[in-house]
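Per-entry structural report
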Amino acid sequence: MTAEIIIHNRDAIEIMDIVKKLRADGWVQGRDFDFYFHQSYWDGMIGRIPSSTKFTFYTEKYALFFALKYAS
């Protein structure tokens with residue numbers, strides 16, 4: 001089972017800080033989690049589209065821990 005958590009409006013530096021903390025805690029990218037960063041951009045019809053990052057977790061308990069710590 002996988003769980004996905006999306007974090008909005010954080011820049012690449014903030015996201016990489018979170019990823020570094022996860023790795024420092026012993027989580028392995030590709031086994032415990034993956035992430036995909038979407039850079040903010042300008043759309044001529046809508047305006048500014050904010051950045052977002054999708055984190056995918058392969059263990060439910062990691063997703064819950066992450067959500068409580070980083071997604072609030």
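Structure report, in brief. (Residues numbered from 1 in each chain as written. Predicted model: local features only at pLDDT ≥ 70, side-chain atom pairs only at ≥ 80, totals over all residues. Heavy atoms only, no water.)

So, about the overall build of the protein. On a plain count of helices and strands, the protein comes out with 2 helices and 5 strands. Principal-axis analysis of the C-alpha atoms places the extent of the protein at approximately 40 × 25 × 20 Å. Evaluated residue by residue, the protein yields a buried proportion of 28% over its 72 residues. When contacts within the protein are restricted to residue pairs at least 6 apart in sequence, long-range pairs at least 24 apart make up 61% of them. (Helix = DSSP H or I, 4+ residues; strand = E, 2+ residues; numbered from the N terminus. Buried < 20%, exposed > 50% of the residue type's maximum accessible area, 1.4 Å probe, protein only. Contact = heavy atoms within 4.5 Å.)

Another aspect to go through is the side chain of Ser51. By the secondary structure assignment, Ser51 is in the loop between strand 4 (47–49) and strand 5 (52–57). Assessed through its relative accessible area of 6%, Ser51 is described here as buried. At 3.0 Å, the side chain of Ser51 forms a polar contact with the backbone oxygen of Arg10. Setting aside residues no more than four positions away along its own chain, Ser51 makes contact with Ile7, His8, Asn9, Arg10, Asp11, Phe37, His38, Gln39 and Ser40. (Polar contact = N/O pair within 3.5 Å; in protein donor to acceptor, adjacent residues only side chain to side chain.)

Burial runs high along strand 5: 5 of the 6 residues are buried. Sheet topology note: the strand 1 (residues 3–8)/strand 5 ladder contains 6 bridges and is antiparallel. Bridge assignment links Ile5 to a residue of strand 5, and that residue is Phe55. When strand 2 (residues 33–38) meets strand 5, the two strands line up antiparallel, connected through 6 bridges. Residue pairing in the sheet places Asp34 in a bridge with Thr56 of strand 5. (Pairing = 2+ DSSP bridges.)

Ile18, Leu22, Phe33, Phe55, Phe57 and Phe66 are the most contacted members of the largest nonpolar core, which has 14 residues in total. Of all the secondary-structure elements, those providing two or more residues to this core are strand 1, helix 1 (12–24), strand 5 and helix 2 (60–70). Element by element, the count of residues in this core is highest for helix 1, at 4 residues. With residues near it in sequence (within four places) discarded, Phe55 still touches Ala3, Glu4, Ile5, Ile7, Ile15, Ile18, Val19, Leu22, Phe33, Asp34, Phe35 and Phe66. (Core = buried A, V, L, I, M, F, W, Y, C linked by side-chain atoms within 4.5 Å.)

Three or more residues of helix 2 are buried, namely Ala63, Phe66 and Tyr70. Projected down its long axis, helix 2 carries its buried residues within an arc of 70 degrees, all on one side. Residues of helix 2 that are exposed and point over 90 degrees away from its buried face: Glu60, Lys61, Leu64 and Leu68. Where helix 2 is buried, its residues meet strand 1, helix 1 and strand 5. (Arc of directions from axis to C-beta.)

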